[in-house]
Amino acid sequence: MLKKNLLSLLIANVFLLIFVPLSQAYIGLCCAHCGGNMPLNIPGGGIPETHEFRFKVSQMFMVMGPLRDGTRDLDNAAELLGPANGTTFAVTPEEMRTYMTMASVAYSFTDDFAMMAMMSYIRNEMDMQFNTPLQSSTGTRGFTMTSDGQSDLTVLGKYRLYKDDNLAPTKQASVLFGLSLPTGEIEKEFTNNPVNGQNGTILPFRMQTGSGTVDPIIGVTLQSSTDPWWYGANAQLEAHVYNNDQGYRRGSELRYDFYLMRQVHSRVVLLGELQGWYEGTFNREPYRGRILGEGHAGGTPSGGFLSPLFDPKNYGGHKLAVTLGLQFQPIPLHVVEMAATIPIYQDLNGPQLRDDYMLQFTYYVELPTKKSRRYTGFKAPKELGF
Ligand SMILES: [Cu+2]
């Protein structure tokens with residue numbers, strides 16, 4: 001009897017040794033405090049552990065085109081190029097490429113309150129096609145319009161309203177609030193336009209790198225996990241409430257996001273997101289168009305728009321996109337994310353360029369300060385799995 005018990009104890013132990021490492025719970029690549037896993041492309045998504053910094057750098061590449069009105073793609077040459085009469089245009093965009101390098105820093109002051117600041121450097125390139133008269137007068141089919149510079153600075157606070165556990169929550173709800181500050185520019189000008197008299201005039205709305213206004217941001221974040229799944233929902237509104245120095249403002253912008261992540265390894269997480277985006281039109285033209293006639297035929301405000309890009313009504317709409325990605329932890333306290341986004345539905349106030357695809361690479365580092373409960377000098381605390 002005793003022998004039999006010992007034997008079964010031995011078998012049980014061997015069984016445990018073999019199978020326990022496989023069934024061990026994942027705690028997430030990031031600190032348990034923020035929920036463990038969260039897509040890195042959601043502004044204000046995860047938060048650092050209390051009294052810790054998080055530095056995030058991200059490189060984004062986005063391609064837009066062709067032009068679309070409503071849910072229908074347009075053919076430049078057949079439908080849009082012609083005299084600048086309001087229905088057809090002298091110059092139309094074919095494709096836009098945006099390169100954006102983002103940097104952000106976040107710090108948690110208490111278990112429930114964190115602040116973050118983010119800023120980008122943007123480069124825009126837009127391939128433009130001329131109508132027949134401009135093609136003959138310039139001797140070229142079109143040109144690539146460019147602009148680059150720093151974006152607006154976003155400062156956000158995140159306050160946790162609910163959590164089911166203070167140190168390692170599996171359910172939490174937070175509110176976000178903050179401001180986008182006008183550090184970007186709204187008077188970028190043409191520099192390489194082959195058409196006489198166009199260089200030095202104002203570039204269209206989306207080639208500008210800022211909104212020109214102080215914009216309030218509010219949002220909510222819901223995060224849950226049931227190992228090995230992490231999931232949640234976010235919504236964020238950026239309102240544009242007054243006119244900038246050029247006398248216009250951007251349409252308000254609502255973004256929402258549902259995400260589902262599956263941790264497949266102690267250092268690897270797969271992620272999927274459904275992202276939505278609503279934006280209104282611009283409320284009117286900049287002073288330099290409305291009064292000085294820049295962007296209009298004949299250089300006068302009564303002339304038709306040279307390009308659909310100058311019309312404030314050709315912006316905004318509703319978009320839905322799917323993002324698939326992967327997160328990887330190369331060393332403790334570091335996380336890398338690679339993600340690709342493709343649109344699945346776009347109903348746009350047009351004609352305007354529609355989204356084509358987006359690629360994003362993000363790297364972040366957590367830095368515990370001496371006040372952090374994870375602080376162990378220069379070594380990461382192994383017992384917590386970081
Ligand atoms: Cu975390």
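Each remark here, short or long, concerns the structure printed above.
Numbers given for residues are sequential positions, taken from 1 along each chain in its written order. In view of the model being predicted, local features appear only for residues whose pLDDT reaches at least 70, and side-chain atom pairs are presented and counted only at 80 or more, with totals across whole chains, interfaces and linings using the full set of residues. Hydrogen atoms and water are omitted, and side-chain values are computed over all heavy atoms in the structure.

Summing up its helical and strand segments, the protein chain has 4 helices and 13 strands in all. By its C-alpha atoms, the protein chain is 100 × 40 × 30 Å across when sized along the principal axes. Accessibility here uses a 1.4 Å probe with only protein chains present; expressed as a share of the type maximum, an area under 20% marks a residue as buried, one over 50% as exposed, and anything in between as partly exposed. Every one of the 386 residues in the protein chain was classed for burial, and the buried ones make up 51%. Expressed as a percentage of contacts within the protein chain between residues at least 6 apart in sequence, the contacts between residues at least 24 apart total 68%. Only the protein chains shown count as covering a residue, and every accessible area follows the Shrake-Rupley method with a 1.4 Å probe. Accessible surface, the protein chain as shown: approximately 18,100 Å² in total, 64% of it carbon and sulfur. Positive and negative charge centroids in the protein chain, built from 32 and 36 side chains respectively, lie 9 Å apart. Every helix listed is a DSSP run of H or I at least four residues long, and every strand listed is a run of E at least two residues long, numbered separately from the N terminus. Contacts: residue pairs with any heavy atoms within 4.5 Å of one another. A residue counts as positive if it is Lys or Arg and as negative if it is Asp or Glu; His and the chain ends are not included. A charge is said to be at NZ when it belongs to Lys, at CZ for Arg, at CG for Asp and at CD for Glu.

Moving on to unusual backbone geometry. A cis amide bond links Gly65 with the next residue in sequence, Pro66, at an omega value of -5 degrees. Here Gly350 and Pro351 are connected by a cis peptide whose omega angle stands at 5 degrees. Structurally, Pro351 is set in strand 13 (residues 334-368). The phi torsion at His51 lies on the positive side, around 60 degrees, for a residue other than glycine. Tracing the backbone through its elements, the reader meets His51 in the loop between helix 1 (2-23) and strand 1 (52-70). The class of His51 is buried, set by a relative accessible area of 18%.

Looking now at the environment of Thr92. Tracing the chain through its elements places Thr92 in strand 3 (residues 91-108). On a C-alpha basis, the gap between Thr92 and Leu309 in space is 7.9 Å, while along the polypeptide they are 217 residues apart. Ignoring any residue separated from it by four or fewer positions in sequence, one finds Thr92 in contact with Leu67, Asn76, Leu80, Leu81, Asp127, Met128, Gln129 and Pro308. Here a polar contact is taken to be a pair of N or O atoms separated by no more than 3.5 Å, where protein atoms must pair a possible hydrogen donor with a possible acceptor and residues adjacent in sequence count only if both atoms sit in side chains. Among the polar contacts made by the side chain of Thr92, one reaches the side chain of Asn76 at a distance of 3.2 Å.

The probe, sized like a water molecule, is rolled over the atoms to show the empty space still left. Only protein atoms enter the calculation, which uses a 1 Å grid: trapped sets of points that fit a 1.4 Å probe without letting it out are cavities, open sets showing protein on both sides within 12 Å along at least five of seven lines are pockets, and any residue with an atom within 4 Å of a point is a lining residue. Grid points are joined across faces, edges and corners, and a volume is the space filled by probe spheres set on the points. Taken as a whole and assessed by the stated rule, the structure comprises 6 cavities of 30 Å³ or more. Put simply, the second largest cavity is a space of about 90 Å³. Listed by contribution, the elements that provide at least two residues to the lining of the second largest cavity are strand 1 and strand 13. Along the lines of polarity and charge, the residues of the lining of the second largest cavity split into 8 nonpolar, 5 polar and 2 charged. Residue type decides the class: Asp, Glu, Lys and Arg count as charged, Ala, Val, Leu, Ile, Met, Phe, Trp, Tyr, Cys and Pro as nonpolar, and the leftover types, Gly among them, as polar.

Of the strand pairs in this sheet, strand 4 (residues 113-130) and strand 6 (residues 153-163) are connected by 6 bridges, and their pairing is antiparallel. Its bridge partner lying in strand 6, Met115 is registered against Gly157. A pair of strands is considered paired only if DSSP assigns at least 2 bridges between the two. Looking at chain direction, strand 6 and strand 7 (residues 171-181) are connected through 10 bridges and run antiparallel. Looking across to strand 7, one finds that Tyr162 is bridged to Ala173.

So, about the nonpolar core. Working definition of a nonpolar core: buried Ala, Val, Leu, Ile, Met, Phe, Trp, Tyr and Cys residues. They are joined through side-chain atoms within 4.5 Å. Residues Met126, Met128 and Met145 are the most contacted members of the largest nonpolar core, which totals 33 residues. Among the elements of the structure, strand 1, strand 3, strand 4, strand 5 (142-150) and strand 13 are those that each provide at least two residues to this core. For Met128, the contacting residues outside a window of four places in its chain are Val91, Thr92, Pro93, Glu94, Arg141, Gly142, Phe143, Met145, Ser307 and Leu309. Counting residues in each nonpolar core, the second largest holds 21 residues, with Ile42, Ile217, Met261 and Tyr364 among its members.

Whenever Lys or Arg places a side-chain nitrogen within 4 Å of a carboxyl oxygen from Asp or Glu, that contact is recorded as a salt bridge. In total, this model carries 23 salt bridges according to the counting rule given. Salt-bridge contacts for Glu94 lead to Arg141; the nearest nitrogen and oxygen are separated by 2.9 Å. Residue Glu94 is found in strand 3, and its partner Arg141 is found in the loop between helix 3 (132-138) and strand 5; the two are separated by 47 residues along the sequence. You can call Arg141 partly exposed: its relative accessible area is 45%. The structure contains a network of salt bridges with shared partners spanning Glu95, Arg97, Arg123, Glu125, Asp127 and Asp148.

Our next topic: the pairing of strand 10 (residues 253-265). Side-chain positions along a regular strand alternate between the two faces of the sheet. Sheet topology note: the strand 9 (residues 229-238)/strand 10 ladder contains 10 bridges and is antiparallel. Bridged to Trp230 within strand 10 is Met261. In this structure, the hairpin formed by strand 10 and strand 11 (residues 268-279) is closed by a connection of 2 residues.

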